[in-house]
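Below are the chains, spelled out letter by letter.
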Amino acid sequence: MASLIRRTLLLRTFCRAKRFTCHSQYVHQESAGAERMSNSSKESNETHFGFQTVKESEKADKVYEVFEEVAQSYDKMNDAMSFGIHRLWKDIFVDRLAPSKPCKILDVAGGTGDIAFRIAKYLRNSDGGGITVCDINQAMLDVGRKRASELGFSGMEWLQGNAECLSSIADNTYDSYTIAFGIRNVTHIDKALKEAYRVLKPGGQFMCLEFSQVQNENLRW
């Protein structure tokens, strides 16, 4: 069951990225006239943000603002959104990652450290060395760093960065790349996936955990 959940979530993520690419190609092929090109450009410059449609250029700032506000209560928010089940999902996620020493792991959009701490415990890594937590929001990283200090994980690295452009990380650096409940906040998922591929070593693991669509309409709302 856990394996099926993982495969389904990964497939949904890659299909969504693929739709971004196909949409871009479609716009390019069909925009022969100036008016059509203008309309297509306008559509391609819009993206989702919760229940809203916003300009792509605005999404990163809006995501930053939201997480700036909820940093202190982020885990409680996930409890509310998943009825607490996110904790079980994260445990299964790390079990399926099954990291082994020695390894270098990059946890993207992992500001509060939930996944990183689980990985360290799985590895029985007393100080969290070899694990880098990357997040676009410094407030989230501050919460995670404080929690790490309280738990004794002094060896973790904390990096402020955008999943779409991990310019401070060299090619072929990490054995595993994880992103949990973060891919939905990325404006250009295809760019984030390319960066994940770039920073991973050959044969490295990409692991994504994300909410899927709830079938019950009332619960989905």
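Residues numbered from 1 in each chain as written. Predicted model: local features only at pLDDT ≥ 70, side-chain atom pairs only at ≥ 80, totals over all residues. Heavy atoms only, no water.

Let me state the cut-off plainly: UniProt positions are given in the numbering used here, feature names are shortened, and annotations may be inferred rather than shown by experiment.
The protein chain appears in an unreviewed UniProt entry as 2-methoxy-6-polyprenyl-1,4-benzoquinol methylase, mitochondrial from Cloeon dipterum. Comment text from UniProt for the protein chain, heading Subunit (unreviewed entry), reads "Component of a multi-subunit COQ enzyme complex, composed of at least COQ3, COQ4, COQ5, COQ6, COQ7 and COQ9. Interacts with PYURF; the interaction is direct, stabilizes COQ5 protein and associates PYURF with COQ enzyme complex."

### Description of the side chain of Ser 82
Counted only if it meets this: A run of H or I in DSSP becomes a helix once it reaches four residues, and a run of E becomes a strand once it reaches two; helices and strands are each numbered from the N terminus. Only protein chains enter the accessibility calculation, which uses a 1.4 Å probe; a residue is then buried when its area is under 20% of its type maximum, exposed when over 50%, and partly exposed in between. Residues adjacent in sequence count toward polar contacts only when both atoms are side-chain atoms; beyond that, a polar contact is any pair of N or O atoms within 3.5 Å, and within protein one must be able to donate a hydrogen and the other to accept it. Throughout, a residue-residue contact means that at least one pair of heavy atoms, one from each residue, lies within 4.5 Å.
The topology assignment puts Ser 82 in helix H4 (residues 74-82). Taking the relative accessible area as the measure of exposure, Ser 82 reaches 3% and is therefore buried. In this structure the side chain of Ser 82 is engaged in a polar contact, spanning 3.0 Å, whose partner is the backbone nitrogen of His 86. Residues contacting Ser 82, with those up to four places away along its chain left out, are Trp 89 and Phe 211.

### Some words on helix H5 (residues 86-97)
Given 3.6 residues per helical turn, the α-helix brings residues three or four places apart onto the same face. Applicable threshold: One less than the residue count of a helix, multiplied by 1.5 Å, gives the span that helix is expected to have. The directions considered for the arc run from the helix axis to the C-beta atoms.
The end-to-end C-alpha distance of H5, which contains 12 residues, comes to 16 Å, matching closely the 16 Å that a straight helix rising 1.5 Å per residue would cover. Along H5, the residues classified as buried are His 86, Lys 90, Phe 93, Val 94 and Leu 97. Viewed end-on, H5 has its buried residues packed into an arc of 90 degrees, placing them on one side of the element. Looking one or two residues past H5, Ala 98 carries a phi angle of roughly 45 degrees, positive in sign.

### Side note on the sheet that holds strand S7 (residues 200-209)
Basically, it comes down to this: The rule for pairing is simple: two strands pair if DSSP sees at least two bridges between them. Here, axes are lines fitted to C-alpha atoms. For helices the fit covers the stretch in contact, and angles between N-to-C directions go from 0 to 180 degrees.
Reading across the sheet, the 5 strands line up as S5-S4-S3-S6-S7 and stay open at both edges, with parallel pairing between neighbours. With one partner strand each, in any of the chains shown, strand S5 (157-160) and S7 form the two edges of the open sheet. Between one strand axis and the next, the sheet turns by 20 degrees as a mean value, whatever way the strands run. Relative to S7, strand S6 (residues 174-180) is paired through 6 bridges, and the arrangement is parallel. Looking across to S7, one finds that Tyr 177 is bridged to Phe 206. Together, strand S3 (105-108), strand S4 (131-135), S5 and S6 form the strand contacts of helix H6 (residues 114-123), whose direction differs from that of S4 by roughly 170 degrees.

### Brief notes about the packing of aromatic side chains
Aromatic ring pairs are reported here in terms of the distance separating the ring centres and the angle at which the planes meet. Applicable threshold: Here the aromatic set is Phe, Tyr and Trp, taking the six-membered ring for Trp, and pairing holds for ring centres within 6.5 Å; pairs whose planes are under 30 degrees apart are stacked, those over 60 apart are edge-to-face, and all others are tilted.
The final tally for this structure, using the stated rule, is 5 aromatic pairs. Centroid distance Tyr 177 to Phe 206: 5.5 Å. Interplanar angle 25 degrees. Geometry classified as stacked. Linking Tyr 177 in strand S6 with Phe 206 in strand S7, this pair joins segments that are 29 residues apart in sequence. For Tyr 177, a relative accessible area of 1% puts it in the buried group. Phe 206 gets classed as buried once you look at its relative accessible area, which sits at 15%. A network of ring pairs unites the aromatic residues Trp 89, Phe 181 and Phe 211 as a single cluster.

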